[in-house]
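Per-entry structural report
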Amino acid sequence: MKLTRRIVLGMAGGVAALATGFATPTFAGEMPAPFDNAGDVKIALVRYLSTGDFFQAYLSGVETQAAALGVDLRVFDSRQDAALQADMVDQAIALGVDGIIIQHGLTESMQAAAQRAVDAGIKVVAFDVNVENDAIPQIEQSDRDLARLALEQAIKDNGTSFKAGYVYVAGIAPLDRRDETWVEFKAKYPGIEEVAQFGTLDNPIANSVANQARSVLQAHPDITVMFAPYDEFAKGVKIAVDEAGMNEQIKIYSADVSTADISAMREPNSAWAATAATNPAVVGEVSVRALAMMLAGEDPGHNVIIPPTLITQAMLHDKDIKNMEELSAKLPQFAHADVAVPAWMPLPPR
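Report on the accompanying structure. (Residues numbered from 1 in each chain as written. Predicted model: local features only at pLDDT ≥ 70, side-chain atom pairs only at ≥ 80, totals over all residues. Heavy atoms only, no water.)

The strand order across the open sheet built from 6 strands is β8-β7-β9-β10-β11-β13, with neighbouring strands paired in mixed fashion. Each of the sheet's edge strands pairs with one partner strand only, and the pair in question is β8 (192-198) and β13 (309-312). For this sheet, the mean angle separating the axes of adjacent strands, direction not counted, is 20 degrees. With 4 bridges joining them, strand β9 (residues 225-228) and strand β10 (residues 251-255) adopt parallel strand pairing. The residue bridging F227 from the neighbouring strand is Y253, located in β10. Along the sheet face, helix α5 (residues 143-158) touches β7 (162-167), β8, β9, β10, β11 (272-277) and β13 and points at about 165 degrees away from the line of β10. (Pairing = 2+ DSSP bridges. Helix = DSSP H or I, 4+ residues; strand = E, 2+ residues; numbered from the N terminus. Axes fitted to C-alpha atoms, helices over the stretch in contact; angles between N-to-C directions. Contact = heavy atoms within 4.5 Å.)

Below, the structure written as structure tokens:
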């Protein structure tokens, strides 16, 4: 493969080659090939989004499950550069990896790159990016359920008639799926009036969204609900709401969760009322397990879905949950997903 200047720069700055080490995995059963020689198995994680606690936790899950299997993991981080992410898939192909996890990205830039990997005989799974390829399983957080749970709580808290601001960026598969649910809710409850839609993925995302939210709140001081179905969006909205002194007037509903989010939700008089989430570390583990099943000649299914959990501000206070560890301990359904777990699969220690 020709090493373009973009790829060379990616090697220098955006690529982290992280070997998980070859510690003996904990066997859940007899290991099928190629995991009977797991140290020879190379997999790659090719990332589009990496900013924020969610993506750090997702990476941690990928790393711990890869370590449990004993495989060699390489991590490529394009930092939201779509063309660079496609180049990094090509670089992973050139390295001779056995499997690739594509994490987020744009369909138009990743579709051809993913197909090149498949054509090279490499197994591929995709998390939260639709590469429109029947040979590539889609790892999903059940995004429609994430949005549904959060919006049902918004209806419960605020009734069926309110003025809302909505944070959305089109073209990102999970946000597009969450948007479908938002559209359905507005149709079901015509009393919901969306008075403003805004959003950006410019880094740092929370601060960039906060800048937009300030203008929205000035233009629409009658907003009482903000639907921000990504926690970095919600953080940005909360910054603006707090600065405007509107935290007792507005309630924020989101998707995804982290320790920082929990802290923000638990603040006195916090506007952040609820979020719906899967454990991002668990999603990372499932991504690796689904890929491992394919490498072992098994079919994880085309849509590998991790069910979400509703997390409310009241729940965090009532159960005295202060971080992700306590969330997993006190909400067992959040700690593990019984998804893509064949009998032979070694799991990370709990």
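Close approach of charged atoms allows side chains of opposite charge to pair. The tally for this structure, following the rule as stated, stands at 21 salt bridges. In this structure, K235 engages E232 in a salt bridge whose closest nitrogen and oxygen atoms are separated by 2.8 Å. Residue K235 and its partner E232 are located together in helix α8 (residues 231-243), separated by 3 residues, close to a single helical turn. Judged by its relative accessible area of 19%, K235 is buried. Of the charged contacts, one joins D320 and K322 as a salt bridge, the two residues approaching to 3.4 Å between their closest N and O atoms. By relative accessible area, D320 is classed as partly exposed at 37%. In the salt-bridge network here, residues are joined through shared partners; they are D128, D143, R177, R178 and D256. (Salt bridge = Lys/Arg side-chain N within 4 Å of Asp/Glu carboxyl O. Buried < 20%, exposed > 50% of the residue type's maximum accessible area, 1.4 Å probe, protein only.)

Time to look at α5. Taking 1.5 Å of rise per residue, 16 residues should cover 22 Å, and α5 covers 22 Å from first to last C-alpha, within 8% of that figure. For α5, the full list of buried residues reads D143, L146, A147, L149, A150, L151, Q153, A154 and I155. At the C-terminal side of α5, G159 shows a positive phi close to 80 degrees. (Expected span 1.5 Å × (residues − 1).)

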